[in-house]
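Report on the structure
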Amino acid sequence: MSTKTERWTLRVTPMQDAIVRQALRATGKSLNEYVVSCALASATDDLADRRVFALSPDEWDRLGDILDRPVGDKPRIAALLAEPSVLERPG
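1. Description of the overall build of the protein
- Across its full length, the protein holds four helices and zero strands.
- Going from N to C terminus, the protein has its helices and strands arranged as α-α-α-α.
- Taken over C-alpha atoms, the radius of gyration comes to 23 Å for the protein, far larger than the 12 Å a tight globule of 91 residues would show.
- Principal-axis analysis of the C-alpha atoms gives the protein an extent of 55 × 50 × 25 Å.

2. Some thoughts on a negative patch on the surface
- Together, Asp58, Glu59, Asp61, Asp65 and Asp68 give the surface a local cluster of negative charge.
- Note that Asp61 resides in helix H3 (residues 57–67).
- Owing to a relative accessible area of 46%, Asp61 belongs among the partly exposed residues under this scheme.

3. Comments concerning the environment of Lys74
- Checked against the element boundaries, Lys74 lands in the loop between H3 and helix H4 (75–82).
- Judged by its relative accessible area of 52%, Lys74 is exposed.
- Spatially, the C-alpha atom of Lys74 lies 23 Å from that of Arg62, the residues being twelve residues apart in sequence.

4. Side note on a nonpolar patch on the surface
- On the surface, a nonpolar cluster with roughly 530 Å² of combined accessible area is contributed by Trp8, Leu10, Val12, Val36 and Leu40.
- Within the secondary structure layout, Leu10 lies in the segment before helix H1 (14–27).
- By relative accessible area, which is 57% here, Leu10 ends up exposed.

5. Things to note about the environment of Asp73
- Structurally, Asp73 can be placed in the loop between H3 and H4.
- Taking the C-alpha atoms as reference points, Asp73 and Val52, separated by 21 residues in sequence, lie 30 Å from one another.

6. Observations concerning the pattern of salt bridges
- For the coordinates displayed, the defined rule picks out one salt bridge.
- Its salt-bridge partner being Asp17, residue Arg21 comes within 3.0 Å of it at the nearest N-O pair. Within this pair, Arg21 and its partner Asp17 are both found in helix H1, separated by four residues, close to a single helical turn.
- For Arg21, a relative accessible area of 36% corresponds to the partly exposed category.
- By relative accessible area, which is 29% here, Asp17 ends up partly exposed.

What counts and how
- Residues numbered from 1 in each chain as written.
- Predicted model: local features only at pLDDT ≥ 70, side-chain atom pairs only at ≥ 80, totals over all residues.
- Heavy atoms only, no water.
- Helix = DSSP H or I, 4+ residues; strand = E, 2+ residues; numbered from the N terminus.
- Rg over C-alpha atoms; globule rule 2.2 N^0.38 Å.
- Patch = residues over 30% accessible without salt bridge, like charges linked within 9 Å, V, L, I, M, F, W, Y side chains within 5 Å.
- Areas by Shrake-Rupley, 256 points an atom, 1.4 Å probe, with all protein chains shown as cover.
- Salt bridge = Lys/Arg side-chain N within 4 Å of Asp/Glu carboxyl O.
- Lys, Arg positive; Asp, Glu negative; His and termini not counted.
- Charge placed at Lys NZ, Arg CZ, Asp CG, Glu CD.
- Buried < 20%, exposed > 50% of the residue type's maximum accessible area, 1.4 Å probe, protein only.

Here it is, written out as structure tokens:
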């Protein structure tokens, strides 16, 4: 486990503090655990949604190989797409 050496200082409104403290009681986490885990989850999601990816030349070639593969038959997906969606089904 890495040593924690960085410090964050945050300012919140009384309402924000009350909501977070209610979540702390519900989850049993410390303020530090809760804030760090939520920040990491959000950061991971934000990074996953990036539209620009930096790839090494080898990674770029590998991606090209994957995208150039012939399309395979996917009968289960075809069957699923042939069914009416929940929006098309009678109520």
